[in-house]
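# A closer look at the structure
What follows is each chain in one-letter form.
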Amino acid sequence: MLESQQRWPSVLIATNPKDADSFLVQEALRQKGVRAELAHLSDFPSHATASLYVESSTPADDRWLLLNRRLGTDTPVLATVWWRRPERPVIPPDVHSDDREFVRQETTKFILGLWHHLPKGTVYVNSPAHALEADRKPYQLRIAREIGFAIPPTLFSNDPAEIRAALQKWGGRAVYKPFGSVHNFWFDSDRQKLLALFTAAIDESSLPDDRTLSLTPGIYQPILPKAFELRVTVFGSSVFSTKIFSQEQEESKMDWRNGQHTLKYEAVPTSSNLRKLCLSMLRRLRLLMGCFDFVVTPQGDLIFLEINEGGQFLWLEKLTGTPLLDAFSDFLIDTRKDFRWRRPAKPLRLQNVQAIAAENMARAAEVHVVPEPQVRIEDAPPTVPMEHSEQHAPQ
């Protein structure tokens with residue numbers, strides 16, 4: 001039932017049983033005295049039921065119930081929802097093949113609809129609707145340019161003539177980027193090798209034929225001169241910057257993720273202007289948190305690449321010492337857009353929660369429905385060594 005009358009801090013994390021960060025943050029919140037529950041949406045419809053009753057006249061009588069049948073416990077809707085990385089519902093294998101898409105459609109629409117009917121005052125980090133809008137790359141670039149960021153010339157296209165013309169304009173070379181970050185991989189059965197598609201340098205000789213180019217749109221930009229790269233993580237109005245020494249290794253020069261296990265990272269101060277621009281962009285996108293990626297040129301110019309509203313950040317704590325777990329868990333307790341984290345004398349660290357989080361994750365794998373298989377490329381050091389962990393990328 002709706003628990004809109006509760007006054008104590010409480011957080012619901014919409015996630016899946018293979019996301020390590022959810023368990024780490026849950027345990028951090030619990031150690032801070034906050035009620036934190038996980039909602040595994042992959043449990044629908046085989047392991048969980050849900051109900052929403054909308055009263056015709058009195059919103060106070062509305063009822064929202066998420067019940068996990070196997071555990072026999074309900075997951076209440078609380079003050080804050082962290083829309084972490086929920087997977088789509090898993091359709092039971094005994095559903096007839098002719099019915100599967102209908103069941104998936106109805107279940108997905110119902111579950112997503114529930115999250116738009118939470119009590120007034122419930123805070124999303126981030127709203128699914130706003131996150132979807134913010135994930136559109138052309139929209140990101142337009143907003144970034146409007147608020148004052150420098151952006152690279154960019155072509156979004158599947159038109160072979162436009163693509164070839166852009167390369168010629170940029171001196172015959174460019175970079176290609178896929179729109180997504182989850183399904184840009186495949187298994188090459190001939191070479192028995194898993195291949196991943198990150199940012200790649202291309203020239204006119206490496207372009208496929210026009211038919212192949214037209215099948216899949218891509219993102220094309222000139223090759224930018226880089227001194228280093230910058231990852232800026234924002235919670236509310238708390239801003240943390242990390243310098244990525246991507247140019248110190250050949251394999252990471254085009255995309256630092258290709259060499260991230262051996263790269264050097266350093267926590268650095270955030271200039272007042274950069275902070276102002278990042279916060280302005282978050283506000284324009286109606287987001288409460290986000291991870292920004294920039295190129296810094298040899299001349300010191302800052303060039304915006306993208307913002308990921310659900311980007312990874314806990315992995316940076318291990319590499320830079322920045323207590324991001326403590327800062328983010330405090331933010332989930334006080335989810336104001338002007339939230340400014342104040343570092344305590346002894347911040348809560350990853351090592352303080354890792355063991356319990358690992359145990360909870362192992363138990364969750366036994367009782368919850370594991371999301372349908374998806375191959376994902378690990379492109380960041382894992383934040384916690386969990387056997388059942390799916391090493392998500394720091395997008």
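Preceding this section is the structure that the text describes.
Below you will find a few notes about this structure. (Residues numbered from 1 in each chain as written. Predicted model: local features only at pLDDT ≥ 70, side-chain atom pairs only at ≥ 80, totals over all residues. Heavy atoms only, no water.)

### Description of the overall build of the protein
Just so we agree on the cut-off: Under the scheme used here, helices are H or I runs from DSSP no shorter than 4 residues and strands are E runs no shorter than 2 residues, and both carry numbers assigned from the N terminus. We call two residues in contact whenever any of their non-hydrogen atoms come within 4.5 Å of each other. Each accessible area is a Shrake-Rupley estimate made with a 1.4 Å probe; only the visible protein chains count as cover when residues are assessed.
Within the protein, the secondary structure is distributed over 10 helices and 18 strands. Across the protein, every contact between residues at least 6 apart in sequence was considered, and the portion connecting residues at least 24 apart equals 70%. With an accessible surface of roughly 19000 Å², the protein has 51% of that area assigned to carbon and sulfur atoms.

### Quick word on a nonpolar patch on the surface
Put simply, the rule reads: To count toward a patch, a residue needs a relative accessible area above 30% and no salt bridge. Like charges then connect within 9 Å, nonpolar side chains (Val, Leu, Ile, Met, Phe, Trp, Tyr) within 5 Å. We define a salt bridge as a side-chain nitrogen of Lys or Arg found within 4 Å of a carboxyl oxygen belonging to Asp or Glu.
A cluster of nonpolar side chains, namely L52, V54 and F110, defines an oily patch on the protein surface of about 230 Å² accessible area. Here F110 lies in helix α2 (residues 100-114).

### Here we look at the pairing of strand β14 (residues 228-235)
Going by this rule: When a residue's accessible area, from a 1.4 Å probe over protein chains only, is under 20% of the maximum for its type it is buried; when over 50% it is exposed; and in between it is partly exposed. Pairs of strands are assigned from DSSP output, requiring at least two bridges between the strands.
Burial runs high along β14: 8 of the 8 residues are buried. In the sheet, β14 pairs with strand β17 (residues 289-296) via 8 bridges, with the strands oriented antiparallel. Across the sheet, residue E229 finds its bridge partner in β17, namely V295. Inspection of the sheet shows β14 paired to strand β15 (residues 238-244) by 7 bridges, in the antiparallel sense. Counterpart to L230 in the pairing with β15 is K243. With antiparallel pairing between neighbouring strands as the criterion, β14 and β15 make up a hairpin whose turn holds 2 residues, including G236 at a positive phi of roughly 65 degrees.

### Points about the sheet that holds strand β8 (residues 155-157)
Cut-off, in case you're wondering: Working convention: axes come from line fits to C-alpha atoms, limited for helices to the stretch in contact. Angles between N-to-C directions cover 0 to 180 degrees.
Pairing is antiparallel in the open sheet, where 4 strands are placed in the order β8-β13-β9-β12. Two strands in the sheet have a free side with no partner beyond their single neighbour: β8 and β12 (200-203). Ignoring strand direction, the axes of neighbouring strands in this sheet form an average angle of 35 degrees. Relative to the sheet, helix α5 (residues 160-169) contacts β8, β9 (173-177), β12 and β13 (218-221), its axis offset from that of β8 by approximately 160 degrees.

### A look at the nonpolar core
Put simply, the test is: Residues belong to a common nonpolar core when they are buried Ala, Val, Leu, Ile, Met, Phe, Trp, Tyr or Cys residues joined through side-chain atoms within 4.5 Å.
If you look at the biggest cluster of nonpolar residues, it comprises 39 residues, and the most contacted ones within it are V25, W82, F235, M289, F328, F331 and L332. Those elements giving two or more residues to this core turn out to be β1 (10-15), α1 (20-31), β2 (35-40), β15, α8 (315-320), α9 (324-333) and α10 (354-367). Not counting residues up to four positions away in its chain, the partners in contact with F331 are V125, F235, G236, L288, M289, R336 and F339.

### Notes on the side chain of D255
Condition: Any pair of nitrogen or oxygen atoms within 3.5 Å is treated as a polar contact; in protein, a donor-acceptor pairing is required on top of that, and neighbouring residues in sequence qualify only through side-chain atoms on both sides.
For D255, the location among the structural elements is in the loop between β15 and β16 (265-268). A polar contact is formed between the side chain of D255 and the backbone nitrogen of T199, at a distance of 3.0 Å. In contact with D255, not counting residues within four places along its chain, are F198 and T199.

### Regarding the sheet that holds strand β7 (residues 123-125)
Adjacent strands of a sheet pair through backbone hydrogen bonds, lying either parallel or antiparallel. Taken in spatial order, the 4 strands of this open sheet run β2-β1-β6-β7, and their pairing is parallel. Each having just a single partner strand, β2 and β7 make up the two edges of the open sheet. Each strand of the sheet is rotated relative to its neighbour by a mean of 20 degrees, with strand direction disregarded. In this structure, strand β6 (residues 80-83) lies alongside β7, joined through 3 bridges in parallel fashion. Bridge pairing links T80 to V123 in β7. On top of the sheet, α1 reaches β1, β2 and β6; it is set at about 160 degrees to β2, its chief contact.

### A short note on the packing of aromatic side chains
Within a pair of aromatic rings, the relevant descriptors are the distance that separates the centres and the angle that separates the planes. Our working definition: Two aromatic rings from Phe, Tyr or Trp, using only the six-membered ring of Trp, form a pair when their centres are within 6.5 Å; if the ring planes differ by under 30 degrees the pair is stacked, by over 60 it is edge-to-face, and anything between is tilted. We count a charge as sitting over a ring when the NZ of a lysine or the CZ of an arginine lies within 6 Å of the ring centre and within 35 degrees of the ring normal.
Applying the stated rule across the entire model yields 19 aromatic pairs. Between F149 and F294, the ring centres sit 5.2 Å apart and the planes meet at 50 degrees, which makes this aromatic pair tilted. Of this pair, F149 sits in the loop between α4 (137-147) and β8 while F294 sits in strand β17, placing them 145 residues apart in sequence. With relative accessibility at 1%, the residue F294 sits in the buried group. Among the aromatic residues, ring-to-ring pairing joins W82, F235, F240, F313, F328, F331, F339 and W341 into one connected group. Note that K243 overlies the ring of F228, its terminal NZ or CZ placed 4.5 Å from the centroid. Above the plane of the ring of F245 lies K264, whose end atom (NZ or CZ) is 4.7 Å from the centre.

### Thoughts on unusual backbone geometry
A cis geometry characterises the amide bond from F44 onward to P45, with omega recorded as -5 degrees. In this structure, P45 sits in the loop between β2 and β3 (48-53). Across the junction of V125 and N126, the peptide omega takes the value -10 degrees, indicating a cis bond. Locating N126 in the fold gives a position in the loop between β7 and α3 (128-134).

### Section: the environment of R104
Residue position: R104 is located in helix α2. Separated by 15 residues in sequence, R104 and P89 place their C-alpha atoms 6.9 Å apart.

### Quick word on the packing of α1 against α9
When two helices pack together, you describe them by how their axes are tilted relative to each other and by the distance separating the axes. Just so we agree on the cut-off: We call two directions roughly parallel when the angle between them is under 35 degrees, roughly antiparallel when it is over 145, roughly perpendicular when it lies between 65 and 115, and oblique otherwise. A clockwise turn of the near helix away from the far one marks a right-handed crossing, whereas an anticlockwise turn of less than a right angle marks a left-handed crossing. Residues are grouped as follows: Ala, Val, Leu, Ile, Met, Phe, Trp, Tyr, Cys and Pro are nonpolar; Asp, Glu, Lys and Arg are charged; all remaining types, including Gly, are polar.
Look at α1 against α9: their axes get within 10 Å of each other, and the N-to-C directions meet at 70 degrees. Considering the angle they form, α1 stands roughly perpendicular to α9. The interaxial crossing formed by α1 with α9 has right-handed handedness. Facing α1, whose interface residues are L24, V25, A28 and L29, α9 presents L325, F328, S329, L332 and I333. Among the residues forming the contact of α1 with α9, the class breakdown is 8 nonpolar, 1 polar and no charged.

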